[in-house]
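# Structural characterization, general
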Amino acid sequence: MADPRGFLKYSRADAPKRPTDERLGDWQEVYAALSRQERDQEVSTQAARCMDCGIPFCHSGSAGCPLGNLIPEWNNMVRRGQWEAASDRLHATNNFPEFTGKLCPAPCEAGCVLAISPEAGGAVAIKRVEETIAEVSWENDYVHPRAAEEHTGKRVAVVGSGPAGLAAAQQLTRAGHEVTVYERDDRIGGLLRYGIPEFKMEKSALDRRLAQMRDEGTRFITGCEVGVDLTVEDLRAGYDAVVLAVGALRGRDDTSIPGRELDGVHLAMEHLVPANKECEGDGPAQLSAEGKHVIILGGGDTGADCYGTATRQGALSVTQLDNYPQPPTERDDDISPWPTWPYILRTYPAHQEAGERKFAVSIESFVGDERGHVRSVRLRHVEVRRDENGRRQVVPVDDEVEELPCDLALLAIGFEGVEHMPLLGGLGIDLTKRGTIGCGSNWETTSPGVFVCGDAHRGASLVVWAIAEGRSVASAVDSYLTGESALPSPVHPTALPLAV
C-alpha cells in the first residue's frame, strides 16, 4: 500500500541538471550525476507521492501509458527500497525502460491524479522513477539475457531497428523463434541511434540493451536495405514471417517558401544524423552549425533536438520559430481537460541553454547572397486558421516584416509517413492516405505473413507507443506461427490516446 499522505508531505522534485556552461561544452546527458545513495533516496521520496489511486489513469492505455506499466506498484516498491522487485515489475511491461525514462514525454504524468490541480503539487515524477529503476537494474546486475528454453524452428525477419523493431525482435526471440533484424544504416538503433542527440540519451544505454539481445539469440545485420541488397524473393524464401518496422522518416518539406532552393536550407534530419555520427566517432559532421546564425522552423521535439545540437556545435545564434501562439504555462481545462495530454508550453533543457523562441511567426522568404547561399530570413506575424474544408492555413495578420540573419535554416515541421522504398512495391503493399502502412486487427498487412508496427503503422509518434506496438505485433506473429501466444499485447492497431 502506498503512503496515502505522501503527496502532502513531499513536493515534486525533478532531476537536477548540470550547469548550462558545462552542458554546452560537451555532448553528455544534461542531468547531474548524483551519488547512488542521494539519487535513490530522492527518487524513493518522489515515489512516496504516489496516491495508489482507485483508478490509476497513469497506466490507462487511453489516457496514460500505452504499455500498461504498473506504475503504482513499482512506485510502492521503490518507496520501500525494493529495487529488484520494482525492476521485475517494470520489465514485465516494458522491454526498454531506460529509453522511455529518458525520451518519453510521459503521458503517464499527464494522466496522474495529482495533475488535476496545481494545488496538488504536480504529478508524481513517474519518468524519473522509471529511469532510476532502469539504471539501478543495470548497476546491480538485475538485467540478464532471457534466452528461450525451447525453439520453434520458425524464422522471423524484422526490417528496421528502431524501438518498435527491437521490442518485436526481443519478444519473438524470447518466444523461441529465430529472429534476424535488418538495418540499412551502418549501426543498429534507427532513430534511437541517429535521430536522438547524445545529450538526450547517451548511446551506451542503447548498446548495453543490444548486447543483451545478442546474448538472447537475436541476430543483427547492418548495411542491408531489404528489397535491394536482400531481394523480396529471398526474404520470402528465408523467413516464415516478416515484421515491417521501417519508421516514418519521410520528412515534411515546404517548397512553397521563396528561396527554399538556396544552399544552407535543409530538413532537420540532414542536420541531426551527421551530428550523431560525429558523436559515434565517424569524424566531423558535414553539416555543422559552428559559427552560423541558425533558424529552426518547427516548435516540436525535432526542432528542440536541432536547437540543442546547434548550440553545442558553436552556433552564433539559434532562433526557433513556431506558427502557433505561445501556449499557456498551465493546463486550460476548456482546451485539454485532465487526463488528456495538456496543451501547454513545453520547455526543453535545450531552450534553457541559449537562443530564443518566436511564436506566431512564419517565414515569408529565405534571402540569398550572390553565391546562392541563404543569408537571412524574412518573417511575418501570422495566425493559423482553418478554411471551410478544415485545411490548415497560415495567414499574415499585419504588414510588418522582420529580417533575421541566417546561415543555416532547418525545417523541423514533421514527417509525412513511410519513405517510398522498393521493399513495399515488391511485397505489393500500398501506403494509406496518411502515408503509413495499413493492417488488419491482427497487425497483418495486405501481404500475407507480413506485419507492421511502430511509426510505419501509426505515423511519427512517441517511443512508448513504438514499444507498445512492437510488443503487440510480436504476440500477433507468435500466434500466426504457432496458433497461440502467451506474449502480451498491450495495444490494438486502432488504439488512440484520449484527446479532445
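This is a predicted model, so every value here is computed, not measured.

Attention now moves to the sheet that holds strand E7 (residues 317-322). Ordered by their spatial adjacency, five strands build an open sheet running E5-E12-E6-E7-E8, and the pairing between neighbours is parallel. For this open sheet the edge positions go to strand E5 (265-267) and strand E8 (356-359), each flanked by a neighbour on one side alone. Each adjacent strand pair in this sheet contributes to an overall mean axis angle of 20°, direction not counted. Of the strand pairs in this sheet, strand E6 (residues 293-297) and strand E12 (residues 408-411) are connected by four bridges, and their pairing is parallel. Residue pairing in the sheet places Val-294 in a bridge with Leu-408 of E12.

Right, let's talk about helix H4 (residues 71-79) for a bit. For H4, the buried fraction is high: seven of the nine residues fall into the buried class. Those residues of H4 that sit buried are Ile-71, Pro-72, Trp-74, Asn-75, Asn-76, Met-77 and Val-78. Of the surrounding elements, those touching the buried residues of H4 are helix H3 (36-47), helix H5 (83-91), helix H7 (107-110) and helix H8 (126-139). The positive-phi residue at the C-terminal boundary of H4 is Gly-81, with phi of around 80°.

An order of E3-E2-E1-E4-E13 is seen for the five strands of this open sheet, with the pairing classed as parallel. Both edges of this open sheet fall to strand E3 (219-221) and strand E13 (450-452), since each of them pairs with a single strand only. For this sheet, the mean inter-axis angle between neighbouring strands, taken without regard to orientation, is 20°. Pairing analysis gives four bridges linking strand E1 (residues 155-159) to strand E4 (residues 241-244), with the strands arranged parallel.

Attention now goes to the pattern of salt bridges. This model, assessed by the stated rule, comprises 38 salt bridges. The salt bridge partner of Glu-109 is Arg-12, with a shortest N-O separation of 3.0 Å. Highlighted residues: Glu-109 in helix H7 and Arg-12 in the loop between helix H1 (6-9) and helix H2 (20-24), separated in sequence by 97 residues. Judged by relative accessible area, which is 13%, Glu-109 ranks as buried. Classification of Arg-12 by relative accessible area gives partly exposed; the value is 27%. The salt bridge partner of Glu-280 is Arg-187, with a shortest N-O separation of 3.6 Å. Here Glu-280 is found in the loop between helix H13 (269-279) and E6, whereas its partner Arg-187 is found in the loop between strand E2 (178-182) and helix H10 (191-194), with 93 residues between them in sequence. The exposure class assigned to Glu-280 is partly exposed, which follows from its relative accessible area of 23%. A network of salt bridges, in which partner residues are shared, links Asp-186, Arg-187, Arg-193, Asp-207, Lys-277, Glu-280 and Asp-282.

Another aspect to go through is the packing of aromatic side chains. Counted under the stated rule, the structure contains five aromatic pairs. Between Phe-57 and Trp-338, the ring centres sit 4.8 Å apart and the planes meet at 65°, which makes this aromatic pair edge-to-face. Placement of Phe-57 in the loop between H3 and H4 and of Trp-338 in the loop between E7 and E8 is noted, with a sequence separation of 281 residues between them. Consider the rings of Tyr-182 and Tyr-239, whose centres lie 6.1 Å apart with planes at 90°: the pair is edge-to-face. With a gap of 57 residues between them, Tyr-182 in strand E2 and Tyr-239 in the loop between helix H12 (232-238) and E4 connect regions that are remote in the sequence.

About the thresholds
Residues numbered from 1 in each chain as written. Predicted model: local features only at pLDDT ≥ 70, side-chain atom pairs only at ≥ 80, totals over all residues. Heavy atoms only, no water. Pairing = 2+ DSSP bridges. Helix = DSSP H or I, 4+ residues; strand = E, 2+ residues; numbered from the N terminus. Axes fitted to C-alpha atoms, helices over the stretch in contact; angles between N-to-C directions. Buried < 20%, exposed > 50% of the residue type's maximum accessible area, 1.4 Å probe, protein only. Contact = heavy atoms within 4.5 Å. Salt bridge = Lys/Arg side-chain N within 4 Å of Asp/Glu carboxyl O. Phe/Tyr/Trp six-rings, centres within 6.5 Å; stacked < 30°, edge-to-face > 60°.

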